[in-house]
Amino acid sequence: MTTASAVEAVFRIEQARVIAAAARIVRDVGIAEEIAQDALVSALEKWPDSGVPEKPGAWLTAVAKRRAVDLVRRRENYARKLAEVGRSLEHAAEPPPAEPSPDSGPEADIDDDLLRLIFTACHPVLPTRARIALTLRLLGGLTTEEIARAFLASETAVAQRIARAKRSLAAADVPFEVPYGPDRAARLDSVLEVVYLVFNEGYSATKGDDWLRPALCEDALRLARVLAALLPDEPEVHGLAALLELQASRIPARTGPDGSPVLLADQDRARWNRLLIRRGFAALDRAAVPGVPAGPYVLQAAIAACHAQALRYEDTDWAVIVTLYGQLAAVRPSPVVELNRAVAVAMAEGPEAGLALVDAIAGDPELKDYHLLPSVRGDLLARLGRWEAAREEFLGAAALARNDRERGLLLARAEQAEQAERTAGGPGPDVVPGG
């Protein structure tokens, strides 16, 4: 790996922390992002000669903080701003603690710049989708294309949304803080969705050479745990934490030695992280409140728990999963939820039943460029022995997929279907997309 590649890789991982550290000082997320880019340029200039530092993230953060302080010093409110950042100057190279103490009172300082960054970007002055898009950009370091993919929206619309969001936060002089009381409750839904989407991007990367981006999963999981400690009486917070713990438990088994994807049916469940599974079940227990209907994150965590309980793929209780997806569709209707329900129905009742549900939603405009729609359809057609049609679906899915690893998997499945067609109905792949 070249030094430039190493710099870019480090920055991809550390970008959110660098932006958050700068934002605490300059109180403007747009300017903080520019300062983070300046720190990246500095690393590209210096590291080829000096070598990559032992703690590259701390190096980038220190550079960004110094530049942020220099900027503040040039402002007219020099004295007031310096008093606010005095503590940051003393600890310029130190990363923030992972979590606040669960015993912290409501007025205690929460020393987590990333969490501050999320709540700032999720301020009610912004429309909900703008809050999520901006936070994905700042926290996850996602490109406009990746965010558009997560939203199933156009890149132009997302780019405009992010630019407007930055201007709105600056114009409103939104404080860089974790709010308390009603203000925090008002922003919580957006915060949870941001963490959820960041994890999803790490769990199944939109594009690139790797199917997984573990750093994003780790950040999202850590933030979910922080939120659970901050909001112990919020069922959906614990539901999200449970969901991410259970999904993260599968990560060691989701790729082969060469980094290629391993789908759920083929995963070695002995490699699933049992500690994370136990944490997930504990969080799911905390999310269960008598008399309170389960929300979307609690329901998704319950689905993940069904998979975690099955020692073998064949032991999965698909009937329960179908029921849970039905409940999820009722509280948060979405064509993607319906697609997942169709997969579960296919496993519980047979591929014909699942295919009928897939065909019923195939014309939904939100799924027009969603590669998992033809991927699922191809899988169901293959299970029915309709090899030629399955091959066409897998090829269509591969054309839509942006991730190189996933595209390779889909092309391999198209080839399998072609080989099965040549042998006049030989056995085809019997795997379920996802995992």
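Residues numbered from 1 in each chain as written. Predicted model: local features only at pLDDT ≥ 70, side-chain atom pairs only at ≥ 80, totals over all residues. Heavy atoms only, no water.

To continue, consider the overall build of the chain. Looking only at helices and strands, the chain has 19 helices and 0 strands in total. Within the chain, buried positions represent 52% of all 435 residues. For the chain, long-range pairs separated by at least 24 residues make up 67% of all intrachain contacts whose partners lie at least 6 apart in sequence. (Helix = DSSP H or I, 4+ residues; strand = E, 2+ residues; numbered from the N terminus. Buried < 20%, exposed > 50% of the residue type's maximum accessible area, 1.4 Å probe, protein only. Contact = heavy atoms within 4.5 Å.)

Within this structure, the stated rule accounts for 22 salt bridges. In this structure, arginine 213 and glutamate 201 form a salt bridge, with 3.3 Å as the shortest nitrogen-oxygen distance. A residue pair is termed long-range when its members are at least 10 positions apart, and arginine 213 in the loop between helix H9 (182-203) and helix H10 (214-230) and glutamate 201 in helix H9 qualify at 12 residues. As far as the burial class goes, arginine 213 and glutamate 201 line up, both buried. Among the ionic pairs, arginine 391 bridges to glutamate 418, the shortest N-O distance being 3.6 Å. (Salt bridge = Lys/Arg side-chain N within 4 Å of Asp/Glu carboxyl O.)

A word on the nonpolar core. Leu60, Leu115, Leu134, Leu139, Val195, Leu227 and Leu244 are the most contacted members of the largest nonpolar core, which totals 111 residues. Per-element accounting of this core gives the leading share, 11 residues, to helix H1 (residues 3-26). In this structure, Leu339, Leu373, Ala382 and Leu410 belong to the second largest nonpolar core, which totals 24 residues. (Core = buried A, V, L, I, M, F, W, Y, C linked by side-chain atoms within 4.5 Å.)

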